[in-house]
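Summary of the model geometry
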Amino acid sequence: MAQPRVLVVGGGLAGLSATMRLAELGVAVDLISLVPVKRSHSVCAQGGINSVNALTRQQGDSEWKHFDDTVYGGDFLQHQPPVKEMADWGPRIIDLMDRLGVPFNRTPEGFRDQRRFGGTLYKRTAFAGATTGQQLLYALDEQVRRHEVAGRVKKWEFWDFLAPVLDGHGRCRGAICQDLVSMQFRSFAADAVILASGGCGLVFGRSTMSMACTGSAISRAYQHGAAYGNGEFIQVHPTAIPGADKLRLMSESARGEGGRVWVPRTPQDPRDPTTIPESERFYFLEDRYPKYKNLVPRDIATREIFDICVNEGLSVERDRPCVYLDLTHIPRQELDRKLHGILEIYEKFQGVDPRSVPMKIFPAVHYSMGGLWVDYQRSAGGGMEEGSPRNHQTTIPGLYAIGECDYQYHGANRLGANSLLSCIFSGLFCASGVIAGGEGASRTAAEEPARLFDSALRREQDRHEALLGRRGGGDNPYAIHQDLGALMTRVATVVRRNDQLAAAYDEVCTLEERWTRSAVSDTGNWTNQNVTFTKSLGDMFPLAKIILKGALLRDECRGAHFKPAFSVPGLSATDPVDRRREAEAWCDRFAANTERWLKSTVARPGADGHPQITYEDIDTSLIPPRPRLYGLVGADLIEEVWRERQASVAEGASRATVAAAAT
Amino acid sequence: MIAPAHSSDPSSSGSGEEQRAIRVRILRQDAPGQESYWERHVVPYEPNMNVISVLQRIAAGARAADGRPVAPVAWDCNCLEEVCGSCTMLINGATRMACSALVDRLLEDGEEIELRPMSKFPVVRDLVVDRRRLFRGLEKVKAWVPVDDSYDHGAGPRISPEEQEDAYPLSTCMSCGCCLEACPQYVKIEPVRRDGEAPEAFAERRQGAFDRGFVGAHAISQAMLFNSHPTGKMIADERLETLTAPGGIQMCGNAQNCVAVCPKGIPLTRSIARAGRSATLWAIKRLFDR
């Protein structure tokens, strides 16, 4: 049999770590990317990467607690075995990246320094200045370059993934791709295709994501039959710098290093913020979340900032919603040492020094927890079985998804500094299973008949020609994109309402209709960015529909998905008996909601162009779901009631076991 | 790159006020080997614009200043926050990143903004250039830590905060190429495929041409970064061999333009000085080892 070949789509952290591991295992890898891989969106990740470490371990931390924080922060909407496996791998991954030369910040004794991130009480986050993602990406880019020089990897940069090639049994045998310079098409025979194409921020127009994050690759896989999971779960990062071309991220590490969020108590106080006395400032996160303070999970911080501006009218500016993120109480030298990269971004793009003036920030679309549905094999120890071909495989055999473009690890909300971990972990972990998956085949993809690839290639060529051949005078694709982005940002981000979601779904269908009548202004066949963009815009509509329909159907609040009509308030009674009764009712409602909604949304492409939604049960066998109570009024009592119930359930179960053993 | 255009307030264009406009002059080229030509564009002014948002408006409008329909201008970009290294171009004559070039500041220089592609790399189209020679430089100097494998072998070496603070700035090099554009010794190499030449043969010939040319400040700095890493320095000699070979450090003319234009403020001349000293010591050592 010929040597196995794998095609990796995307050269961010996930794609590069998979490529590195596969090359090491003797597999020939073709790596395609829209941009030179060193310029992938992973460079934008700022704050750090999570893992239990020697220090936190001695403070009582463990892999299990990291796992627990991740599922609790994600509101239990993720299968637990893969998350457990990821947390278990955390320390090894940090060690590996350390060996690869990532310049992690150091303690005076020369150990890796750590900072605290949202959703945890431990300093679990290793970091390299405020450009951790860039540093991790470079280390992997360097290793892949080394494999490339040795002839084990071939990079195809400025290439676009257009479609998977499926054989008569529906198995993926390669892909059709397009050179974005010469606009030539090429088929790649591959025994497995791994999608590592990242998020889909451009569906929302402006976001913190890079311009390559169109979501086109996963949309194309979906349109060829791959199921999509939890599409409605979109993380809106609490702190971004609004801009005309992009919403630039202001890392959570700014708060991790002591940054405080506040607004003047007087609405739109015109004074210089540094002159406003403490007593006239409202530190609303610290006030409302005394335990986690400024480091509550992202969905909560986002809603609070949104609320304080939109509903409480306390925005710093009148015509533009924003709050202060204040670092000015921290010594300049310390800021430069730990946060230089992000402070420089603010300074460069806003023209203001955040070391002496509080920054103005507002939430922005940041990350997609949902993505292609992927499988896994549970191991005897409750983790993921290494080497199983099921791990990270989509519903199309031979087609895999890793990194941000899979739905596996973050549930309803991702914790800060967990994405870099999930990307590197899924890339490294999937490799052995991908190889095992190809071993059962009777022939390699290279031995498949040429007509399989030729017909797929012709289909893509025809689509391309049709796009170029559209008559002029049609709608402008950039204008359609602007409308799509504005619509999605308005109805499907921080607050969601069913009437708006239903109307938006129809509007997306109208926009898609407009897209079919749009025309490209460049009909040439050389570096035609216009047609590439128009093509990727067409692939945003299926994703927009998945997001909207999933959000519309999900009548509850969970993590980043917030529907005020279905939110459950905290306790209001003051009388202890009444309060107890309220807590019982709260727990009843929580149990009923868990029964109804603790399920992954799974979307499949319907013949009518609309996503068909089904729901998948979740493996919560390791950590039983419990109420997510950050900052809720009466949280202590609710927790107490819930614990008592769990204990009695456990007792009942053990009694049943004893009874069964006795008979 | 793929370029969405977003007007922060689309309704404002219809307001009665006199609309301020930004005039832009772009040096275009349809494909390699073709003549370049100037084209003028006008874009409505918006507060806080950068050159990227100007280019986005131009792509969306696809009309020259005289109203003539034209193909959208092509350019490279990705992160838009000056960390990916994509969008390098010559803006009002200076090599810099388009994302962090703020229009208000540029208009202080004059009424018109001038955009040109980098001159040291072959033009692919308009403002897009082919920077594969830059990445070839990283291969040449073996800019990596030569680890055994990616399996678990415990933590990396202990590193003092001083060493980390020394290495970190060098490691923020985003391969944008500003230092190469500004370097008098880095001259454009643009081999053209001959009739009947196989693609592989052409690629090999092109690589040979690249390798004879100056490797440039960015690669020298990366060589020093890895030569200072406890594991990276295990192949320090191989890097020094490259740096003393044709295209190496001896070609540096000490103009110090590189450090002046680096958008990340990387101490490139310090790396070059270190590389010079290491190369000299290595050459002497090799002389005696013979």
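1. Some details on the overall build of chain A
Across its full length, chain A carries 18 helices and 21 strands. Across its three principal directions, the C-alpha atoms of chain A cover 75 × 75 × 55 Å. Partitioning the intrachain contacts of chain A with sequence separation of at least 6 by distance along the chain shows that 73% fall at a separation of at least 24. As displayed, chain A offers around 22,400 Å² of accessible surface, 52% of which is attributable to carbon and sulfur atoms.

2. Re the overall build of chain B
Scanning chain B from N- to C-terminus turns up 10 helices and 7 strands. Across its three principal directions, the C-alpha atoms of chain B cover 80 × 55 × 40 Å. Within chain B, the proportion of its 290 residues that are buried is 55%. Restricting to contacts in chain B with at least 6 residues of sequence separation, those with at least 24 account for 66%. A total accessible area of about 12,700 Å² is found for chain B, and carbon and sulfur atoms account for 51% of it.

3. Looking at a nonpolar patch on the surface
Among the surface-exposed residues, I284, L287 and F288 of chain B lie close enough to one another that they form a single nonpolar patch of about 360 Å² accessible area. Along the chain, I284 of chain B turns up in helix α10 (residues 268–289).

4. Topic: the interface of chain B and chain A
The parts lose accessible area when they come together, and the size of an interface is often stated as this lost area. In this complex, chain B contributes 80 residues to the contact, which on the side of chain A involves 80 residues. In this assembly, chain B and chain A are joined by 5 salt bridges. R125 of chain B is the salt-bridge partner of D522 of chain A, the closest N and O atoms lying 2.9 Å from each other. Counting only elements with at least two residues in the side of chain B that touches chain A, the list comes to α1 (51–61), β6 (123–125), α3 (132–140), α4 (161–171) and α7 (217–227) of chain B. The dominant element in the side of chain B that touches chain A, judged by the number of residues it contributes, is α1 of chain B, at 6 residues. Grouping the constituent residues of the side of chain B that touches chain A by class yields 44 nonpolar, 20 polar and 16 charged.

5. Considering the pairing of strand β2 (residues 36–44) of chain B
Residue and element names in this part refer to chain B. Strand direction decides the pairing type here: strand β1 (residues 21–29) and β2, joined by 9 bridges, are antiparallel. Within β2, the residue paired with Q29 across the bridge is S36. Adjacent in sequence and paired antiparallel, β1 and β2 are bridged by 6 residues, among which G33 carries a positive phi angle near 80°.

6. Regarding the pattern of salt bridges
All names here are of chain A. Applying the stated criterion across every chain yields a total of 79 salt bridges over all chains. D98 serves as the salt-bridge partner of R106, at 2.8 Å between the closest nitrogen and oxygen. For the residue pair R106 and D98, the accessibility class agrees, reading buried in each case. Here D299 makes a salt bridge to R628, at a shortest N to O gap of 2.9 Å. Taken together, the positions of D299 in helix α9 (residues 298–310) and R628 in the loop between β21 (611–617) and α18 (635–662) put the pair 329 residues apart, joining distant regions of the chain. Neither D299 nor R628 differs from the other in exposure class; each is buried. Overlapping salt bridges bring together R580, E584, D588, E640, E644 and R645 as one network.

7. Some points on helix α8 (residues 236–244) of chain B
Residue and element names in this part refer to chain B. Restricting attention to buried positions, one finds in α8 the residues A236, R239, L240, T242 and L243. Within α8, the buried residues cover an arc of 155° as seen down the axis, which keeps them to one side. The inward-facing, buried residues of α8 abut α3, α7 and α10.

8. Here's the deal with the domain arrangement of chain B
Residues and elements named next belong to chain B. The domain architecture assigned to chain B consists of domain 1 (19–125) and domain 2 (131–289). Each of domain 1 and domain 2 has a C-alpha centre, and these two points are 30 Å apart. Tallying the contact residues gives 17 residues for domain 1 and 19 residues for domain 2. Of the roughly 1,500 Å² buried between domain 1 and domain 2, counting both surfaces, carbon and sulfur atoms make up 57%. Its largest share of buried area at the contact with domain 2, domain 1 owes to T95, K120 and F121, together 44% of the area lost on that side.

9. So, the sheet that holds strand β9 (residues 185–189) of chain A
All names here are of chain A. Read across the open sheet, the 3 strands follow the order β7-β8-β9; overall the sheet is antiparallel. At either end of the open sheet lies a strand with only one pairing partner, and these are β7 (159–166) and β9. The mean inter-strand angle of the sheet, taken between neighbouring strand axes irrespective of direction, is 25°. Where β7 meets strand β8 (residues 172–179), 7 bridges bridge the pair, whose relative direction is antiparallel. Across the sheet, P164 pairs through a bridge with A175, a residue of β8.

10. Quick look at the packing of aromatic side chains
Residues and elements named next belong to chain A. On inspection of all chains with the given rule, the structure shows 23 aromatic pairs over all chains. Ring geometry for Y72 and Y630: centres 5.1 Å apart, planes at 45°, overall tilted. Here Y72, found in helix α3 (residues 63–73), pairs with Y630, found in the loop between β21 and α18; they are 558 residues apart in sequence, far enough to count as distant. Note on accessibility: Y72 and Y630 belong to one class, buried. What links up through ring pairs into an aromatic cluster is the set Y72, F76, Y292 and Y630.

11. Re the nonpolar core
Grouped together as the largest cluster of nonpolar side chains are 196 residues, with contacts concentrated most on I49, M97 and I194 of chain A together with L115 of chain B. Every residue in contact with I49 of chain A, bar those within four places of it in the chain, is listed here: I93, I94, F104, R124, T125, A126, T132, L136, A417, L420, L421 and I424 of chain A. Judged by nonpolar contacts, the second largest core, of 67 residues, contains W159, A190, A401 and L468 of chain A.

12. Concerning the side chain of T172 of chain B
The residue T172 of chain B is located in the loop between α4 and α5 (178–181) in this model. In this structure the side chain of T172 of chain B is engaged in a polar contact, spanning 2.6 Å, whose partner is the backbone oxygen of P169 of chain B. Apart from residues no more than four positions distant in its own chain, T172 of chain B is found in contact with T131, Q134, Q135 and Y138 of chain A together with K264 and I266 of chain B.

13. Observations concerning the domain arrangement of chain A
Partitioning chain A into structural domains gives domain 1 (5–233 + 369–454), domain 2 (238–363), domain 3 (478–553) and domain 4 (574–650). Each of domain 2 of chain A and domain 4 of chain A was reduced to a C-alpha centroid, and the two centroids are 32 Å apart.

14. Describing unusual backbone geometry
Residue and element names in this part refer to chain B. The residue N48 is not glycine, and still its phi comes out positive at about 60°. By the element assignment, N48 lies in the loop between β2 and α1. Since its relative accessible area comes to 59%, N48 is described here as exposed. Even without glycine at this site, N254 takes up a positive phi of about 60°. Within the element layout of this structure, N254 appears in the loop between α8 and α9 (257–261). With relative accessibility at 52%, the residue N254 sits in the exposed group.

15. Describing the packing of helix α6 (residues 216–223) of chain A against helix α16 (residues 540–553) of chain A
All names here are of chain A. For the pair α6 and α16, interaxial distance at closest approach is 8 Å and the crossing angle is 80°. What the angle tells us is that α6 and α16 run roughly perpendicular. Here I218, S219, Y222 and Q223 of α6 lie close against α16, whose contacting residues are P542, L543 and I546. When grouped by side-chain class, the residues that make up the contact of α6 with α16 number 5 nonpolar, 2 polar and no charged.

16. Section: the sheet that holds strand β16 (residues 323–326) of chain A
All names here are of chain A. The 6 strands lie next to each other as β13-β12-β17-β16-β14-β15, forming an open sheet whose pairing is antiparallel. Of all the strands in the sheet, just β13 (248–249) and β15 (281–282) have a single pairing partner and so form its edges. Where strand β12 (residues 234–241) and β13 come together, 2 bridges link them in antiparallel fashion. In the sheet register, I241 faces β13, and the bridge partner there is R248. Contacting β12, β14 (260–264), β15, β16 and β17 (359–368), α9 crosses the sheet at an angle of about 60° to β12.

17. A word on the environment of S187 of chain A
With respect to the helices and strands, S187 of chain A occurs in strand β9. Remark: the alpha-carbon pair of S187 of chain A and C177 of chain A, spanning 10 residues in sequence, is separated by 6.3 Å.

18. A few points about the packing of helix α14 (residues 498–516) of chain A against α16 of chain A
Residue and element names in this part refer to chain A. The interhelical angle for the contact between α14 and α16, taken along N-to-C directions, is 165°, at an axis separation of 9 Å. Classified by the angle between their axes, α14 and α16 sit roughly antiparallel to one another. As α14 runs across α16, the sense of the crossing is left-handed. Each of N498, L501, A502, A504, Y505, V508, C509, L511, E512 and W515 in α14 lies in contact with α16, whose residues at this interface are F541, A544, K545, L548, K549, A551 and L552. Across the contact of α14 with α16, the residue classes tally to 13 nonpolar, 1 polar and 3 charged.

Rules used in this analysis
Residues numbered from 1 in each chain as written. Chains lettered and ligands numbered in written order. Predicted model: local features only at pLDDT ≥ 70, side-chain atom pairs only at ≥ 80, totals over all residues. Heavy atoms only, no water. Helix = DSSP H or I, 4+ residues; strand = E, 2+ residues; numbered from the N terminus. Contact = heavy atoms within 4.5 Å. Areas by Shrake-Rupley, 256 points an atom, 1.4 Å probe, with all protein chains shown as cover. Buried < 20%, exposed > 50% of the residue type's maximum accessible area, 1.4 Å probe, protein only. Patch = residues over 30% accessible without salt bridge, like charges linked within 9 Å, V, L, I, M, F, W, Y side chains within 5 Å. Salt bridge = Lys/Arg side-chain N within 4 Å of Asp/Glu carboxyl O. Nonpolar A, V, L, I, M, F, W, Y, C, P; charged D, E, K, R; others polar. Pairing = 2+ DSSP bridges. Arc of directions from axis to C-beta. Domains from an automatic or database assignment. Buried area = accessible area lost by both parts, 1.4 Å probe. Axes fitted to C-alpha atoms, helices over the stretch in contact; angles between N-to-C directions. Phe/Tyr/Trp six-rings, centres within 6.5 Å; stacked < 30°, edge-to-face > 60°. Core = buried A, V, L, I, M, F, W, Y, C linked by side-chain atoms within 4.5 Å. Polar contact = N/O pair within 3.5 Å; in protein donor to acceptor, adjacent residues only side chain to side chain. Parallel < 35°, antiparallel > 145°, perpendicular 65-115°, else oblique. Left-handed = near helix turned anticlockwise from the far one by under 90°.

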